[in-house]
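Structural overview
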Amino acid sequence: VGVLQSLVRLEDGIAIDMAALLLELHEHRAWELLGYPGLESYVEDRLGLGGSMARQRVSLARELRKYYRVSTAYEGRVLGFVATPWVTRTLRPPRGDLALQAHWVRHAKERTVKRLRDESRALECSLLEAQVAVAEALTSRLGVLDLQSVNQNPSAGGRGPSIGASDNRNPS
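Structural notes, computed from the coordinates. Computed from a predicted model, the values in this text were never measured in an experiment.

**Quick look at the pattern of salt bridges**
Evaluated as defined, the whole model comprises 10 salt bridges. Between Glu110 and Arg111 there is a salt bridge, with the nearest N and O atoms lying 3.6 Å from each other. Judged by relative accessible area, which is 30%, Arg111 ranks as partly exposed. The salt bridge involving Asp118 is made with Lys114; its shortest N-O contact spans 3.0 Å. Of the two residues, Asp118 and Lys114 are both situated in helix α8 (residues 113-152); the distance of four residues between them amounts to about one turn of the helix. Judged by its relative accessible area of 57%, Lys114 falls in the exposed class.

**Comments concerning the packing of helix α5 (residues 68-75) against helix α7 (residues 98-109)**
Contact geometry of α5 with α7 gives a least axis separation of 8 Å together with a crossing angle of 35°. Contact residues: α5 offers Tyr68, Arg69, Val70 and Ala73, while α7 offers Leu98, Gln101, Ala102 and Val105. When its residues are assigned to classes, the contact of α5 with α7 shows six nonpolar, one polar and one charged.

**Focus on a nonpolar patch on the surface**
Together, Val3, Leu4, Leu7, Val8, Leu10 and Ile14 line one region of the surface with nonpolar side chains, adding up to about 590 Å² of accessible area. Relative to the helices and strands, Leu10 is located in helix α1 (residues 2-28).

**Section: the packing of aromatic side chains**
Throughout the structure, instances matching the rule amount to one aromatic pair. Each ring, one from Tyr36 and one from Tyr42, has its centre 5.4 Å from the other, and the planes form 80°; the classification is edge-to-face. With respect to class, Tyr36 is no different from Tyr42; both count as buried. The ring of Phe81 has Arg57 sitting right over it, with the charged end atom 5.1 Å from the ring centre.

**A look at unusual backbone geometry**
The backbone of Arg29 sits at a positive phi, close to 50°, despite the residue not being glycine. Within the secondary structure layout, Arg29 lies in the loop between α1 and α2 (30-33). Taking relative accessible area as the criterion, Arg29 reaches 45% and is therefore assigned partly exposed. Phi at Arg77 takes a positive value of approximately 65°, unusual for a residue other than glycine. If you trace the backbone, Arg77 turns up in the loop between α5 and α6 (83-90). Classification of Arg77 as partly exposed rests on a relative accessible area of 37%.

**A look at the nonpolar core**
Formed by 15 residues in total, the largest nonpolar core has its most connected members in Val70, Leu79, Val87 and Ala108. Every element with two or more residues in this core is listed here: α4 (51-64), α5, α6 and α7. In this structure Val70 touches Leu64, Thr84, Val87, Thr88, Leu91, Gln101 and Val105, once residues within four positions along its chain are discounted.

**With respect to the packing of helix α3 (residues 39-47) against α4**
Remark: α3 packs on α4, axes separated minimally by 8 Å, with the N-to-C direction vectors making an angle of 115°. Crossing geometry of α3 relative to α4 is assigned as right-handed. Contact residues: Leu39, Glu40, Val43 and Glu44 in α3; Gly51, Ala54, Arg55 and Val58 in α4. Looking at the contact of α3 with α4, its residues break down into four nonpolar, one polar and three charged.

What counts and how
Residues numbered from 1 in each chain as written. Predicted model: local features only at pLDDT ≥ 70, side-chain atom pairs only at ≥ 80, totals over all residues. Heavy atoms only, no water. Salt bridge = Lys/Arg side-chain N within 4 Å of Asp/Glu carboxyl O. Buried < 20%, exposed > 50% of the residue type's maximum accessible area, 1.4 Å probe, protein only. Helix = DSSP H or I, 4+ residues; strand = E, 2+ residues; numbered from the N terminus. Axes fitted to C-alpha atoms, helices over the stretch in contact; angles between N-to-C directions. Contact = heavy atoms within 4.5 Å. Nonpolar A, V, L, I, M, F, W, Y, C, P; charged D, E, K, R; others polar. Patch = residues over 30% accessible without salt bridge, like charges linked within 9 Å, V, L, I, M, F, W, Y side chains within 5 Å. Areas by Shrake-Rupley, 256 points an atom, 1.4 Å probe, with all protein chains shown as cover. Phe/Tyr/Trp six-rings, centres within 6.5 Å; stacked < 30°, edge-to-face > 60°. Lys NZ or Arg CZ within 6 Å of the ring centre and 35° of its normal. Core = buried A, V, L, I, M, F, W, Y, C linked by side-chain atoms within 4.5 Å. Left-handed = near helix turned anticlockwise from the far one by under 90°.

As structure tokens, this is what we get:
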């Protein structure tokens with residue numbers, strides 16, 4: 001078991017270093033110098049990784065620049081590759097408070113990946129429900145305001161007078 005754990009730690013270290021290098025390649029568009037049309041092509045051809053995995057690693061390496069505590073936890077193998085992006089998404093928009101970062105690192109460390117995903121889905125549903133409620137409230141308010149403006153000025157908004165409305169022009 002000790003050998004297996006050592007190999008897993010070694011693999012994690014390589015993945016962390018690779019993510020930083022892929023970010024450098026991406027930022028400097030170095031794949032062009034190597035004759036590839038994009039980072040994904042380079043990664044698939046030369047490293048044997050999938051393009052989506054490369055994008056995930058680059059994205060995570062970029063996000064970790066913003067969060068010192070999370071980066072330290074990831075590099076120290078306190079958090080894994082799945083839990084770390086969850087923590088960075090939770091901290092968006094970027095919040096530099098180290099205590100808050102430490103809180104979310106502890107939270108993620110104590111949860112399973114499935115639990116973190118469930119929490120994310122629940123949070124997304126709550127946010128969506130709140131956005132829908134705000135949109136409905138604004139729509140109903142705007143609907144009332146729109147009806148009031150039409151009643152005050154029937155030709156507003158490209159609408160003509162309603163059927164049966166009197167024509168106030170003087171027919172002389």
